[in-house]
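Each chain, letter by letter, is given below.
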Amino acid sequence: MMSDIAKDRVAHSLKKRGSVSSLSSHEFRQKEPHRRTKDSLSTVSYMDEPSQHDDASRLTVQMENTYQLGPTKHFPVVAVNHILKDVLTNYLQEEEYEPELCRQMTKTISEVVKARVKDLMIPRYKLIVIVYIGQLNSQSIHIGSRCLWDPKSDTFSSYVFRNSSLFALANVYAVYFE
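What this report covers is the structure whose coordinates are included nearby. It should be emphasised that the depicted structure is a prediction, and the values quoted were computed from it without experimental measurement.

Cut-offs applied
Numbers given to residues run from 1 along each chain, matching the order in which its sequence is written. Totals for whole chains, interfaces and linings use every residue, but because this is a predicted model, local features are given only for residues with pLDDT of at least 70 and side-chain atom pairs only at 80 or more, for both listing and counting. Only hydrogens and water are removed before side-chain values are computed, so all heavy atoms of the structure are retained for them. Aromatic pairing here means that ring centres of Phe, Tyr or Trp (its six-membered ring) are within 6.5 Å. Orientation follows from the plane angle: under 30 degrees is stacked, over 60 is edge-to-face, and everything else is tilted. Partly exposed describes any residue whose relative accessible area lies between the buried limit of under 20% and the exposed limit of over 50%, with all areas from a 1.4 Å probe on protein chains only and scaled to the type maximum. Our definition puts a charge over a ring when NZ of Lys or CZ of Arg is within 6 Å of the ring centre and also within 35 degrees of the ring normal. A run of H or I in DSSP counts as a helix once it spans at least four residues, and a run of E counts as a strand once it spans at least two, with each numbered from the N terminus. The span one expects for a helix is its residue count, reduced by one, times 1.5 Å. Contacts are residue-level and defined by heavy atoms, with any inter-residue pair within 4.5 Å sufficient.

1. Some details on the packing of aromatic side chains
For step 1, the next point in the chain: Under the counting rule described, the total for this entry stands at five aromatic pairs.
For step 2, the next point in the chain: Note on tryptophan 149 and phenylalanine 156: the rings are 6.4 Å apart at their centroids and 20 degrees apart in plane angle, and the pair reads as stacked.
For step 3, the next point in the chain: Its relative accessible area of 29% is what places tryptophan 149 among the partly exposed residues.
For step 4, the next point in the chain: We classify phenylalanine 156 as partly exposed; its relative accessible area is 43%.
For step 5, the next point in the chain: An aromatic cluster is built from Phe75, Tyr125 and Tyr176, whose rings are joined through pairwise contacts.
For step 6, the next point in the chain: For lysine 126, the ring lying beneath its charged end belongs to phenylalanine 177, and the centroid distance is 4.6 Å.

Rendered as structure tokens:
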């Protein structure tokens, strides 16, 4: 019988070679119908970069506290308003309202806006992007949102787009992460 430490060592060495065998093959004996015992051994082979996965999981970066309670660079609301206007206009200028298309467009537009705002490299802000698209058909809609935040550092940016058949509202909330 192998000890648990020996099993772990053998498994680790076999794992680096690219195959894993069942280590309990000597311990586990399966009875056949004629009362003879049979050793059970199974091997699984795979392709993996050796030791790259193991080293990455073991490395942890120890970060020091900065004790920074406020942002060094405030969120650029005007620049984000320009991004919202540009993205909504480019994606929706010629579009007609179709529920299925608009459902996909809200996802696409919110991902594009989030990527473009992240490109501004504003440190320590969490971004929340919400896009609403609806049919423009002589109706009104009221959209409200509530959050708990610090008015000194947290902010939002918003833009409304309209064409002949639809409207779109895009909000970007920037919450400072202390």
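2. Here's the deal with helix H4 (residues 99–118)
For step 1, the next point in the chain: When the terminal C-alpha atoms of H4 are compared, their 29 Å separation across 20 residues agrees well with the 28 Å that a helix rising 1.5 Å per residue should span.
For step 2, the next point in the chain: Here H4 has its buried residues at Cys102, Met105, Thr106, Ile109, Ser110, Val113 and Val117.
For step 3, the next point in the chain: Lining the buried residues of H4 we find helix H3 (77–92), strand E5 (125–135) and strand E7 (166–176).

3. So, the environment of valine 129
For step 1, the next point in the chain: The topology assignment puts valine 129 in strand E5.
For step 2, the next point in the chain: Put simply, valine 129 and tyrosine 173 are 44 residues apart on the chain and 6.5 Å apart in space, counted from C-alpha to C-alpha.
For step 3, the next point in the chain: Not counting residues within four places of it along the chain, the set of residues in contact with valine 129 comprises Ser110, Val113, Lys114, Asn171 and Val172.

By themselves, these figures tell us nothing about what the structure is for.
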